[in-house]
Amino acid sequence: MVAVLSTIGLLMGLYVAWRLFWPLRMPIWMKVVLSLLLVGVAVQLRIVAMFWGTMASPEIPKLAIATLATGSTAVLLLALLMLALDVSLLASRLLRWPRAVAALRTRSLRPAAGMLALLVSGYGVSQGMAVPKPRQIEVSIAGLPAAFDGYRVLQLTDIHASRLLTGDWVRRVVDQSNALTPDLIVITGDLIDGSVEARRDDARPLVDLRAPDGVVAITGNHEYYAQYQAWMQAFRALHMQVLENSHMQVRRGDAALTIAGVTDPVAARYGLPLPDMDAALAGADPSAPVILLDHRPRNAREAAARGVKLQLSGHTHGGQIIGMDQLVKRANGGYVSGRYEVDGMTLYVSNGAGLWAGFPARIGVPSEITLITLRRAP
């Protein structure tokens with residue numbers, strides 16, 4: 001995946017440099033310098049990872065991450081704009097529309113597109129760094145005990161605490177979450193980016209999450225990229241109950257609700273336990289409705305077939321940019337953002353609270369803290 005992302009970035013950078021700088025009237029040496037700088041920005045994450053941190057966790061100052069991310073996102077947007085302009089130019093030539101050809105060959109058009117891409121990218125990165133706003137939904141569950149009608153579950157996912165989204169940002173997420181007064185808080189993976197030593201202070205505010213029935217967490221793919229076992233101990237020290245292919249029960253008198261959680265498929269790379277729904281549900285009360293926490297939404301049909309009533313997932317970040325969701329959902333079983341009805345089960349895919357520092361832009365896809373109120377189905 002790292003090689004693929006780097007190759008795509010390199011190709012986009014070369015294409016944008018060729019179409020943006022080389023048609024301009026300037027000395028060759030200046031075109032070469034500008035092209036090298038632009039390509040460097042396009043593959044900045046790989047360069048940073050060579051000297052400061054990793055691809056998953058760039059360890060450079062916050063302002064530097066935001067600036068480089070703005071530049072690399074602008075390259076992506078500009079590559080798409082340039083491609084659209086070039087396709088339009090080719091079509092206009094084939095259709096023999098001289099006025100359209102003349103307009104599309106205007107010298108100032110591509111530099112203007114570059115400025116537009118930079119402005120939109122800056123806005124997108126600012127939105128990616130914003131503290132998420134609460135989103136409230138209701139979910140009807142067949143067979144939900146009367147004691148749990150109105151039960152409030154707060155979902156946090158994809159917090160991605162890092163050098164970009166630091167402890168101060170995490171503190172504000174915690175305060176927003178506590179203000180919603182949930183009965184239970186669930187965290188569906190990707191809490192952190194980086195080692196325990198690097199992220200200890202950034203993760204510390206999570207200890208102040210408050211709910212009567214506690215805080216339950218599962219792993220996402222990013223937990224595996226740095227010291228998985230150490231993070232499992234650290235999360236438990238932050239008063240979280242971590243479900244690794246296991247479940248817990250919430251009770252109201254004689255009524256019960258099962259909360260199950262599975263690991264992430266990336267565990268295979270590290271010789272750690274793969275997601276195992278059989279193990280997660282082993283010994284669960286068959287009369288208690290099951291809420292499944294699964295970082296990735298793509299196995300929702302399997303969960304529905306096992307009788308799960310509600311699955312909560314993240315991972316997709318909602319696609320991050322309008323239109324990109326069409327690509328993201330193809331890798332996630334067709335699920336990318338919001339509520340889905342899957343064979344009698346409700347799946348909710350949160351856009352997530354934060355973003356990976358390697359691509360922290362949101363354009364038209366806001367972050368969220370999700371409060372889910374459970375209701376008895378008629």
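To be clear, the structure that these remarks concern was listed above.
Residues numbered from 1 in each chain as written. Predicted model: local features only at pLDDT ≥ 70, side-chain atom pairs only at ≥ 80, totals over all residues. Heavy atoms only, no water.

Regular strands place their side chains on alternate faces of the sheet. As defined by bridge partners, strand β6 (residues 246-252) adjoins strand β7 (residues 255-261) across seven bridges and the pair is classed as antiparallel. Residue pairing in the sheet places M248 in a bridge with I259 of β7. The turn linking β6 back onto β7 is made up of two residues, and G253 within it adopts a positive phi angle of 65°. (Pairing = 2+ DSSP bridges. Helix = DSSP H or I, 4+ residues; strand = E, 2+ residues; numbered from the N terminus.)

The next point concerns the pairing of strand β8 (residues 290-293). Here β8 shows no split at all, with V290 and L292 on one side and I291 and L293 on the other all buried. With four bridges joining them, β7 and β8 adopt parallel strand pairing. Within the sheet, the bridge partner assigned to G261 lies in β8 and is L293. As defined by bridge partners, β8 adjoins strand β9 (residues 310-313) across three bridges and the pair is classed as parallel. Paired with L292 across the two strands is Q311, which belongs to β9. (Buried < 20%, exposed > 50% of the residue type's maximum accessible area, 1.4 Å probe, protein only.)

So, on to the pattern of salt bridges. Under the criterion given, the structure shown has 16 salt bridges. The salt bridge involving E138 is made with R375; its shortest N-O contact spans 3.5 Å. With E138 in strand β1 (residues 133-141) and R375 in strand β12 (residues 368-376), this pair connects stretches of sequence that are 237 residues apart. R375 gets classed as partly exposed once you look at its relative accessible area, which sits at 30%. Residue D213 pairs with R252 through a salt bridge whose shortest N-O separation is 2.8 Å. Of this pair, D213 sits in the loop between α8 (196-203) and β4 (215-218) while R252 sits in strand β6, placing them 39 residues apart in sequence. (Salt bridge = Lys/Arg side-chain N within 4 Å of Asp/Glu carboxyl O.)

The subject of this paragraph is the packing of helix α2 (residues 28-42) against helix α4 (residues 62-94). Following both chains from N to C, one finds α2 and α4 inclined at 105°, their axes separated by 8 Å at the closest point. In terms of their interaxial angle, α2 and α4 are classed as roughly perpendicular. For the pair α2 and α4, the contacting residues are L38, V41 and A42 in the first and L68, G71, S72 and V75 in the second. Here the residues of the contact of α2 with α4 sort into five nonpolar, two polar and no charged. (Axes fitted to C-alpha atoms, helices over the stretch in contact; angles between N-to-C directions. Parallel < 35°, antiparallel > 145°, perpendicular 65-115°, else oblique. Contact = heavy atoms within 4.5 Å. Nonpolar A, V, L, I, M, F, W, Y, C, P; charged D, E, K, R; others polar.)

The next subject is α2. Each turn of an α-helix holds 3.6 residues, which means side chains three or four residues apart point in the same direction. A rise of 1.5 Å per residue sets the reference length of α2, with its 15 residues, at 21 Å; its end C-alpha atoms lie 21 Å apart and thus fit the reference within 8%. Listed in full, the buried residues belonging to α2 are K31, S35, L38, V39 and A42. Summarising the axial view, the buried residues of α2 lie within an arc of 100°, below the 170-degree limit, and thus occupy one face. Opposite the buried face of α2, by more than 90 degrees, sit the exposed residues W29, L36 and L37. (Expected span 1.5 Å × (residues − 1). Arc of directions from axis to C-beta.)

The next point concerns the sheet that holds strand β10 (residues 338-342). With respect to topology, six strands assemble into an open sheet ordered β6-β7-β8-β9-β11-β10, the strand pairing being mixed. The open sheet has two edge strands with one neighbour each: β6 and β10. In this sheet, adjacent strand axes meet at a mean angle of 20° when their direction is disregarded.

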